Amino acid sequence: AAGAKTTSSVARHTIGWQLLFAFLICVLPAGVFHLLRTLRALRERELAAATAETLRVRAEMQALRGQLDPHFLFNSLHSITALVREDPPRAEEALLQFAALLRRVLAVNRDVGDEVTLADEMKFVDDYLAIERLRLGARLRISQNISVEAHSCLLPAFSVQPLVENAIRYAVAPRRDGGTVKVHAAVAGGRLVIEVEDDGPGAPLTPVAPASGVGLNVIRRRLALRHGPGAALDVFTRPGAGFRVRISLPAIATEVE
């Protein structure tokens, strides 16, 4: 009798384990499938969110550039208009320079995207300076010091030109003797540092720091969209000491054509 009870107990345990094993065989694949499906859905949502964020940033960068380009173009046309009254032959030359500059703007918008090398940005700055030299002559003095390493670094297109434009507009053009604009760029500690400085009258820093002007606001926002807290635009000035604007961002190099 004891043996029969033992056999019956073993049978019940065996059947119990077989039922549990059969249950696991049925349920486990379904659970794994559900887990995999959940993980795939999460990955798809993360990918969709990342894609949406990339598209949002790209759209905002393009919208910000749309604010900047007309601002610069209208200012250039204003400079040429002043030449038409004062010196028609030079105005004609300025129009040719403006056409070359406009072609470069269109080429950047069409072919390059949001970023260019500093070398290409400085070509654009030089095109702009050619127009301003026709208007201001010897009153405009330019000093450039760009390191070899800096030339190949990437930055948002139209980042340096507005700084040069502001320096000419506020520190050079209004002064009878003109002034000097200095552009320096170098790579240090894995960062690209660009400075645009003028010898104008300067101003108290407090009202200038928020930078309500179109150019500085747009550049600051585009740097933040591209690099977050890894990039900065800082303004240094005081009465009688001119303006100095510094851009600092990660040094990401590419080949210069």
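That block above? That's the structure.
Report on the accompanying structure. (Residues numbered from 1 in each chain as written. Predicted model: local features only at pLDDT ≥ 70, side-chain atom pairs only at ≥ 80, totals over all residues. Heavy atoms only, no water.)

### Notes on the overall build of the chain
Along the chain, the regular secondary structure elements total 7 helices and 7 strands. Secondary structure elements in the chain, listed N-terminal to C-terminal, are α-α-β-α-β-α-β-α-β-β-α-α-β-β. For the chain, buried positions account for 36% of its 257 residues. Of the contacts made within the chain by residues no fewer than 6 positions apart, 75% connect residues no fewer than 24 positions apart. By element, 61% of the accessible surface of the chain is carried by carbon and sulfur atoms, the whole surface being about 14,700 Å². (Helix = DSSP H or I, 4+ residues; strand = E, 2+ residues; numbered from the N terminus. Buried < 20%, exposed > 50% of the residue type's maximum accessible area, 1.4 Å probe, protein only. Contact = heavy atoms within 4.5 Å. Areas by Shrake-Rupley, 256 points an atom, 1.4 Å probe, with all protein chains shown as cover.)

### Digging into unusual backbone geometry
If you check the backbone angles, Phe158 has positive phi at about 65° while not being a glycine. With respect to the helices, strands and loops of the structure, Phe158 is situated in the loop between strand E3 (154-156) and helix H5 (161-172).

### Section: the side chain of Thr180
Counting through the fold element by element, Thr180 comes out in strand E4 (residues 179-188). Given the relative accessible area of 19%, Thr180 is considered buried. Within the structure, the side chain of Thr180 is placed 3.3 Å from the side chain of Arg141, a separation counted as a polar contact. The residues touching Thr180, leaving out its near neighbours within four places in the chain, are Arg141, Val172, Glu197, Asp198 and Asp199. (Polar contact = N/O pair within 3.5 Å; in protein donor to acceptor, adjacent residues only side chain to side chain.)

### Section: H5
Within H5, 9 of the 12 residues are buried, which leaves the element mostly enclosed by the surrounding structure. Looking only at H5, the buried set comprises Gln161, Pro162, Leu163, Val164, Glu165, Ala167, Ile168, Ala171 and Val172.

### Digging into the nonpolar core
One finds Leu118, Val160, Val164 and Ile168 to be the most contacted residues of the largest nonpolar core, which totals 45 residues. Here this core gets 9 residues from one element, more than from any other, and that element is helix H3 (residues 118-136). Filtering out sequence-adjacent residues up to four positions away, Ile168 remains in contact with Tyr128, Leu129, Glu132, Arg135, Leu136, Leu140, Ala173, Pro174 and Val181. (Core = buried A, V, L, I, M, F, W, Y, C linked by side-chain atoms within 4.5 Å.)

### Notes on the packing of aromatic side chains
The full count for this structure, using the stated rule, is 1 aromatic pair. Between the aromatic rings of Phe124 and Phe158, the centroid separation amounts to 4.8 Å while the plane-to-plane angle is 75°, which identifies the pairing as edge-to-face. Linking Phe124 in helix H3 with Phe158 in the loop between E3 and H5, this pair joins segments that are 34 residues apart in sequence. Accessibility classification places Phe124 together with Phe158 in one group, the buried group. (Phe/Tyr/Trp six-rings, centres within 6.5 Å; stacked < 30°, edge-to-face > 60°.)

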